[in-house]
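Per-entry structural report
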Amino acid sequence: NATHLSTSSAGKRYQRDFRPRQYLRHYYAVHRERPCVLRETKAVIDFLVRSCRPLLRNLDEPVLLELGGGPTIYQLLPLASEVAQIHFTDFLASNLREVRRWTHKSRNAFDWKPYSAYTASILSPHSSRLASSASLEDVLRSKLVLFGYCDVFDPVITSQRYQYQVINCHFVPE
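Right, let's walk through the structure included here. (Residues numbered from 1 in each chain as written. Predicted model: local features only at pLDDT ≥ 70, side-chain atom pairs only at ≥ 80, totals over all residues. Heavy atoms only, no water.)

1. Brief notes about the overall build of the protein chain
Looking only at helices and strands, the protein chain has six helices and four strands in total. When the helices and strands of the protein chain are placed in sequence order, the string is α-α-α-β-β-α-α-α-β-β. Taking all 174 residues of the protein chain together, the buried fraction comes to 44%. Pairs at least 24 apart in sequence give 70% of the contacts found in the protein chain among residues at least 6 apart. (Helix = DSSP H or I, 4+ residues; strand = E, 2+ residues; numbered from the N terminus. Buried < 20%, exposed > 50% of the residue type's maximum accessible area, 1.4 Å probe, protein only. Contact = heavy atoms within 4.5 Å.)

2. Some details on the packing of helix α2 (residues 20–27) against helix α4 (residues 93–103)
When two helices pack together, their arrangement is captured by the angle between the axes and the distance separating the axes. Here α2 crosses α4 at 65°, and the two axes come no closer than 9 Å. Within the contact between the two elements, α2 uses P20, R21 and L24 and α4 uses S94, N95, E98 and R101. In the contact of α2 with α4, the residues fall into two nonpolar, two polar and three charged. (Axes fitted to C-alpha atoms, helices over the stretch in contact; angles between N-to-C directions. Nonpolar A, V, L, I, M, F, W, Y, C, P; charged D, E, K, R; others polar.)

3. Here we look at the nonpolar core
Counting residues in each nonpolar core, the largest one holds 35 residues, and the members touching the most others are Y74, I86, W112, Y115, L140 and L144. The set of elements that each furnish at least two residues to this core consists of α3 (39–56), β2 (85–90), α4, α5 (113–123), α6 (133–143) and β3 (144–149). The dominant element in this core, judged by the number of residues it contributes, is α3, at five residues. Apart from the residues lying within four places of it in its own chain, the contact partners of Y74 are Y28, T41, V44, I45, W112, Y115 and F171. (Core = buried A, V, L, I, M, F, W, Y, C linked by side-chain atoms within 4.5 Å.)

4. Topic: the sheet that holds β3
The strand order β3-β2-β1-β4 describes an open sheet built from four strands, whose pairing is parallel. Across the chains shown, the open sheet's two edge strands, defined by having one partner strand only, are β3 and β4 (166–168). Strand-to-strand twist in this sheet, taken as the mean axis angle between neighbours without regard to direction, amounts to 20°. The sheet contact formed by strand β1 (residues 63–66) and β4 spans three bridges and is parallel. Note that in β4 the partner of E66 across the bridge is N168. Set on the sheet, α6 makes contact with β2 and β3; between it and β3 the angle comes to about 55°. (Pairing = 2+ DSSP bridges.)

5. Observations regarding the layout of surface pockets
There is about 570 Å³ of room inside the largest pocket. What lines the largest pocket is a set of 24 residues, and nearest its centre among them are Y14, G68, D90, F171 and V172. Of the residues that constitute the lining of the largest pocket, the class distribution is 13 nonpolar, seven polar and four charged. (1 Å grid on protein atoms, 1.4 Å probe; cavity = no way out; pocket = protein on both sides within 12 Å on 5 of 7 lines; lining within 4 Å. Points joined across faces, edges and corners; volume = space filled by probe spheres on them.)

6. Considerations on α5
The set of residues buried in α5 consists of Y115, S116, Y118, T119, A120 and L123. Elements in contact with the buried residues of α5: α2, α3 and α6.

7. A look at the packing of aromatic side chains
Within this structure, the stated rule accounts for 12 aromatic pairs. On the basis of an interplanar angle of 35° and a centroid distance of 5.4 Å, the ring pair of Y28 and Y74 is categorised as tilted. On the criterion of sequence distance, the pair formed by Y28 in the loop between α2 and α3 and Y74 in the loop between β1 and β2 is long-range, its members being 46 residues apart. For Y74, a relative accessible area of 3% gives the class buried. Between the aromatic rings of Y74 and Y115, the centroid separation amounts to 6.2 Å while the plane-to-plane angle is 45°, which identifies the pairing as tilted. Of this pair, Y74 sits in the loop between β1 and β2 while Y115 sits in helix α5, and the two are 41 residues apart along the sequence. You can call Y115 buried: its relative accessible area is 0%. (Phe/Tyr/Trp six-rings, centres within 6.5 Å; stacked < 30°, edge-to-face > 60°.)

Structural measurements only, silent on function.
As structure tokens, this is what we get:
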């Protein structure tokens, strides 16, 4: 009998203690002490541009499942223009709210512009439509159409209504 994260003591602690905004400020905020996007994050973006985008072009209007996206969207910036829709899932409602804030351009949303600018600088030689961070962010916002709860330890992760051609998952298995 599988233990679901939501009913485990670790899962309950995570639900109680994780603060998306603190996490984003600690790992992703660009400021005077950290004036650019971190090398590790650049490596993820570079990989997605170089290796995943070409594969997506061979699919017919794929729907992407973002599995356990946390409060972040940088991992979707390189892929958004190549998919029909993105269904974003996470274990924490607070992470889903954080991404929705950004999607709806809320005043208090986290600022992902340094990440969209970096991604746009890589994509611009391939697409004039994605040459600016604003246009890249608009494309991503238009593709984020469904948000939902997901416990990766639950054998039924998502509704049976969808079969995904693409599953995007970063740092969840660890």
